[in-house]
Amino acid sequence: MLSFAPGPIGVFDSGYGGLTILREMMLRLPGYDYLYLGDNARAPYGSRSFGIVYEFTLQAVRALFSRGCHLVILACNTASAKALRSIQQHDLPELDPQRRVLGVIRPTVEALGDVSRSRHVGVLATPGTIRSRSYEMETEKLYSGMHVSGQACPMWVPLVENGEAHSDGADYFVRKYLNEIMERDPAIDTLILGCTHYPLLLPKIRRYVPEGTNVLAQGELVAASLEDYLRRHPEIDSKCTRGGSVNYLTTESTQNFDALASIFMQTPVRSTRITL
Ligand code: DGL
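**Here's the deal with the sheet that holds strand β9 (residues 246-250)**
One open sheet holds the 6 strands; their spatial order is β4-β3-β1-β2-β9-β10, and the pairing between them is parallel. A single partner strand is all that each edge strand has here, and the edge strands are β4 (100-102) and β10 (271-273). Looking at each pair of strands side by side, their axes are set apart by 20° on average, direction ignored. Looking at chain direction, strand β3 (residues 71-74) and β4 are connected through 3 bridges and run parallel. Note that in β4 the partner of V72 across the bridge is V101.

So this is what it looks like as structure tokens:
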């Protein structure tokens, strides 16, 4: 039985990547309470099948609902691409039609109109997100005729999850995928980091993109969109508590999570381990 009492905003990712979204939300909306869940024990999700990503994401949403969240942000493109629609349409009505689950793809695509001049954009994402063609479909709805090229970057999440984002070895794979997409469509003037882990590779990505290319990270876009959503939906806003706290849940060892998450959040993190 889910509680009606207000609770924190839930933020979910397969692992550490969603922290790049959480950080921006906390900067923009510092008054709220947040509950972060990383399914680190089963990350990465990027190469997993549609059915498995859906199953894991639904388990995570249930876990956050049962801990008091009325609003959950899937701070994960792979989960947004493969599970969001099914959860919104099939599961929410049964779980609790008053609760909300939102993703990160739509707010990212909305930003393209102001940024791309050539109307040729590239999406760097996990194989699952690229295969879903979610970015192409959302872009076509909002900016018909805009040209979208997708590039799967299967090695980038493992580099981040293993704390290798700043290592010399990471350069090879950063350059490889950037070269592949820019060779395919040299008219690209905007690259979307379509995976919430990728901002952690941003210093290297910036080093290897052609000069003048816009690189869009999602954190600020999603945080601005959340602020707008809460303003337009007072019935959901009133279900979000405001104590300025943040708590972390992980499905892996808390020791590993705390060490890496503290680096990403630039503040000490103490998580709690849960099973889904
Ligand atoms: N951070 C996630 C995303 O935005 C998923 C990465 C993964 O687990 O492969 O797609």
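Anyway, onward from the coordinates.
**Considerations on the pattern of salt bridges**
Taken as a whole and judged by the stated rule, the model has 13 salt bridges. One salt bridge in this structure joins R28 and E227, with 2.8 Å as the shortest N-O distance. Here R28, found in helix α1 (residues 19-28), pairs with E227, found in helix α12 (residues 219-232); they are 199 residues apart in sequence, far enough to count as distant. K176 is paired through a salt bridge with E180; the nearest N and O atoms lie 3.1 Å apart. Taken together, the residues K176 and E180, both in helix α10 (residues 168-184) and 4 residues apart, mark about one turn of the helix. By relative accessible area, E180 is classed as partly exposed at 33%.

**Comments concerning the pairing of strand β1 (residues 9-13)**
Where burial is concerned, most of β1 is hidden: 5 out of the 5 residues are buried. Neither face of β1 is left uncovered, since the one carrying I9, V11 and D13 and the one carrying G10 and F12 both have all their residues buried. One ladder, built from 5 bridges, connects β1 with strand β2 (residues 34-38); its direction is parallel. Pairing of F12 across the sheet is with L37, part of β2.

Each value, and the rule that gives it
Residues numbered from 1 in each chain as written. Predicted model: local features only at pLDDT ≥ 70, side-chain atom pairs only at ≥ 80, totals over all residues. Heavy atoms only, no water. Pairing = 2+ DSSP bridges. Helix = DSSP H or I, 4+ residues; strand = E, 2+ residues; numbered from the N terminus. Axes fitted to C-alpha atoms, helices over the stretch in contact; angles between N-to-C directions. Salt bridge = Lys/Arg side-chain N within 4 Å of Asp/Glu carboxyl O. Buried < 20%, exposed > 50% of the residue type's maximum accessible area, 1.4 Å probe, protein only.

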